[in-house]
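# Residue-level structure breakdown
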Amino acid sequence: MSVRASFEPNETTDESRSLRERVADNPGPARFWLLGTAVLVALEFGRYMGWAQQLVGAVKYVIGLVGLIPTWIGDSVGEATVPIVSYFVSDAITLVLLFGIAVLVTRFTSWSAVDQFDLGLSDRLVRFLERAVLTVVLATIAVLFAFTPVGGLVNGAIDGVFNTLSSIPTLTSREVISNQGHRTPGGGWDGTFLGLSPAVAWGIRTLLVYGYALTMIVWTWKGYTIFREHYRKADWTPRDDTLRRFRTHYWGLFGLIVVLMFIVTALWAPAISPTTADQNIASPYEYEIEYLNDDGDVVTTTPGQANLNSQSNGQNTIGPMSYDDYDRWSPLGTTSSGQNLLTHIAYGAQTSLVIGLLAIGLGGLIAVTMSMLTAYYKGIVDILTVITSDTIISIPAFLLVMMLSVIFNQGNHPIAEPLNGGLLLGLIFAFVYWPGMWRTIRGPSLQVAEEEWVDAARSYGQTPVNTMRKHMAPYIAGYIMIYGSLLLGGIIISTAALSFLGLGIEGSTPEWGRLINDGRSFVGTSSWHVATIPGLMIVLVVTAFNALGDGLRDAIDPEADTGGTDDTGTAAAGGGG
Amino acid sequence: MSHEVSHEPIATETDVPTDSDGDVMIEVEGLKTYYENSGLLGGKPVKAVDGVSFDIRRGETLGLVGESGCGKTTLGRTLLQLEDATDGEIRFDGVDITTLGGDDLHEWRRNAQMVFQDPESSLNDRMTIGEIVREPLDVHEWETPQARRQRVKELLDTVGLQREHYYRYPHQFSGGQRQRISIARTLALEPDFVVLDEPVSALDVSVQAEIINLLEDLQNEFGLTYLFIAHDLSVVHHLCDRVAVMYLGNIMEIGPTEELFTDPANPYTHALLSAIPEPDPTVERDRITLHGTPPNPRYPPAGCPFSTRCPARIRPAEYRDLDDELWNRLNTLRDLLSERQRAERSVRDRLRAVVGKDTRFGTVEETYDELFGDQKVPARVQSVLDEIATLARNHDEGEAIAVFNEAFGSVCDDEPPAYHDVSDGGHQSYCHRHTNEYRSTDAVLENRHG
Ligand code: SF4
């Protein structure tokens, strides 16, 4: 038709170029920013590699767990029937899993056999064949890894590379600015950074950590403004308004700052702690420390032994900002078992963060997926989801969490191992809280599904998945962020409450709730700090997450009243039991 | 005027003389779209489109007019397969699209597009204009991404926007401009057929004309075929070649625009036309007021869909002398009775009725007083009314309605009318008054409302 006639394909205008080309045109600001980023990354390169290594470890763990599924199901089937069946079943399930992965891979890569070859088959068939071939390739790789030495070699190589990279000293390494040393008979310090006192060395390191993190955040913001000013094609986007509103929302900003500090504390826990969790908490008898004894001699002992004599238990107190008898600096004092309280708090922040993010991430993912599906398809999907979620909601949340965690912990299920049950707890929270999240975003998603642009997308044949992703999910994302941050506070409280009851995380994994439990009998004594400090931290962090949620709500949707505050009330109350 | 009876729906009538360019693009035959009850218990479906048949010819603009809720939007959406047809066929260039699925449907969707009513809601405001207009091209993997971008800019030009608007967001545009963007998206895939669902009703009067002109220009330029949905006749007047008037899921009248305006055949079209403000104040035109609201599409009348409100309804011979006001009251009584009949189905209401607590309708006496208190009711009418009252008091609404219909009902209430050709130009009307037994609509309306 003549629309085509008036169309000239070779015309190029300024706006139709990619980001790379636009940067090439005006490289100044981008180069400046990238240079700064490179310096910042270089300063902490080793630490980033350490995180990457942990991430790889987590991925391996998940793969291992998924790898167990076929045998597990196969064995169950085999037990019920004849054992030989178990092999077929587990092989079949392996193939199904691999096919699922192949589907994901083909979905997220742009290459497709459909565009490359003209086989004279329908598009759907080609796509299916493509996935089948990929499944076979994946299966071959899996067999290669599992039954030949290749797997071990690759694994070892990956570990080796990360081990080397992550041991590179960084700006905030304990080795660079050490605060572990001992007094010398002459009155100075030995083994610490520049011979400074451990308190000062620790102070410098901690300041460096927060200073570095602050710089990183500011630099990221700077990067965004540079992009907006020099490279973004649109001169205005709806997100600009959201940011502008959030920037003047002081309560939300307060929340953001505290939340960021909490996250930084968790990420840099080894640098902020005066001593590492491994040395001080997990295996205190496998290390040695030196100290100046009363007789003026430098002697050696184990941290475990030292802990026994440094307890804060009412009779004996190592309070905040003091040294114990072993020349160890305790910025927040010691716990009732003599361990360093700040080490506990910092590593405990990690535990809370992992549980919280896992719960909100996974629960939110389920909630968003279900809300998209139910809003788009309605009907039977909707009814089933309502029934499922109502069933879960009808059981008091905290009771359900307690029940599930007891069952899995008593059963010594492999999933209860990581973080002494922290992973399990995250999964349980995800399971218990997704119906609540789904309910909160159900209204908005039904509303957005009614918008005419969803119909429009259908009228030109957009696929349901893409319609949900492009035309519905962006409108739900805001709500799930708001509710997620409100709920995160509730989850932190719940985790602490479980530990307080002795049901949550046990063993050597630091956790705030357990500290409160340990210290609660000493609140009236000179060892008040053991329970009080973690308690205040919880209050602060939970408040901050709520503040952040409020800020996000006002920024994202100034008119909407999501009723979020009430929900937190119930979430926190439900969580707090 | 020739009144030939044709009991066949229009589309099957191959011998109906069509316009000079009688190339039929879309044939709709006996189309029904029912919405099932969303609950699990079933119940009566909403009959949004209840058996319509018509053609759309290549290159023409067919107007589809009716009050809100008459099913015109559902009809448009069914034509585009946004709703599933319950029954009937939609043949698009000979292919029945109601049976298409999968890849075939996906391919077909290129041919038919829709411009939505509300420009606020039809554009996803988290996407740039470029992304919005480009999406159909992306979905159908049209040429290269570079070429798609170029085409979007061409399209923006075509609909009277600027190429620089590619990276703007919908928030930055006025209603009229947003509708232009929506039109650009519609054109992206070079469709043959476009459904315009009240494209200007949400816009300021000042920009309505601009958009209408744009649509006309585009039609001429690209040879588009339009189905133009509107809720009043005035908008369709100069844009449409033919107009179909819809009421309660049925097409009441269809014909060439000029003819339909100057010489309406169906009482419903008369009523709609009389509602258009006359631009020339010296011309006297009596406004025909329609009483009541359209019936619930879950329970459409058994006969003519318009029979509950028709100003020209055929009255039984023996009661022809009753005055119009009394007829209105009688109609209201019947509405009340059928409403009661449906409501009585709830168990709770039945129980309350048994213990003598009449529910939300008040007692029969109150109703009668309200309806007929100030009317002179002839004795023969009164006796029927008394009989009805007795039955209603005993909560036997079904029987009461039967008595009512027996006395006051006519062919309008009992039998669905047929489509009658009222001229040679394919002008058809769905009304009993076109048969020779009854007086013509014009005469009756003149008589009753003149
Ligand atoms: S059939 Fe009867 S009720 Fe229907 S439009 Fe004609 S006159 Fe009116």
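Residues numbered from 1 in each chain as written. Chains lettered and ligands numbered in written order. Predicted model: local features only at pLDDT ≥ 70, side-chain atom pairs only at ≥ 80, totals over all residues. Heavy atoms only, no water.

### Details of the overall build of chain B
When its secondary structure is counted, chain B shows 17 helices and 13 strands. Per-residue burial over chain B gives 55% buried out of 450 residues. Long-range contacts, defined as pairs at least 24 residues apart, comprise 67% of the intrachain contacts of chain B with a sequence gap of at least 6. Split by element, the accessible area of chain B, about 19200 Å² in all, is 46% carbon and sulfur. (Helix = DSSP H or I, 4+ residues; strand = E, 2+ residues; numbered from the N terminus. Buried < 20%, exposed > 50% of the residue type's maximum accessible area, 1.4 Å probe, protein only. Contact = heavy atoms within 4.5 Å. Areas by Shrake-Rupley, 256 points an atom, 1.4 Å probe, with all protein chains shown as cover.)

### Quick notes on the site of the ligand
All residues adjacent to the ligand are B:P267, B:C304, B:S307, B:C310, B:A312, B:R313, B:C412, B:C431, B:H432 and B:R433. Judged by the fraction of its atoms near the pocket grid, the ligand is located in the largest cavity. (Near = heavy atom within 4 Å. 1 Å grid on protein atoms, 1.4 Å probe; cavity = no way out; pocket = protein on both sides within 12 Å on 5 of 7 lines; lining within 4 Å. Sits in = over half its atoms within 2 Å of the grid points.)

### Quick look at the environment of A:H249
Residues and elements named next belong to chain A. Checked against the element boundaries, H249 lands in the loop between α10 (238-247) and α11 (250-267). Sequence spacing of H249 and D554 is 305 residues, and the spatial spacing of their C-alpha atoms is 8.1 Å. Apart from residues lying up to four places away in sequence, H249 is in contact with D550, G551 and D554. Within the local environment of H249, its side chain forms a polar contact with the side chain of D554, the two groups lying 2.8 Å apart. (Polar contact = N/O pair within 3.5 Å; in protein donor to acceptor, adjacent residues only side chain to side chain.)

### Considerations on empty space enclosed by the protein
Residue and element names in this part refer to chain B. What the rule picks out here adds up to five cavities of 30 Å³ or more. In this structure, the largest cavity occupies an estimated 80 Å³ of space. Lining of the largest cavity is provided by 15 residues; of these, P267, C304, C310, C412 and C431 occupy positions nearest its centre. (Points joined across faces, edges and corners; volume = space filled by probe spheres on them.)

### Considering the pattern of salt bridges
If you walk through the whole model with that rule in mind, you get 36 salt bridges over all chains. Close ionic contact of B:R168 with A:D235 constitutes a salt bridge, the shortest N to O distance being 3.9 Å. Here the residue B:R168 occupies a position in the loop between α5 (145-158) and α6 (175-187), and A:D235 occupies one in the loop between α9 (198-231) and α10, the pair thus bridging two chains. Given the relative accessible area of 26%, B:R168 is considered partly exposed. Between B:E27 and B:R91 there is a salt bridge, and its shortest N-O distance comes to 3.5 Å. Taken as a pair, B:E27 in strand β2 (residues 24-35) and B:R91 in strand β5 (residues 87-92) lie far apart in primary sequence, 64 residues in all. (Salt bridge = Lys/Arg side-chain N within 4 Å of Asp/Glu carboxyl O.)

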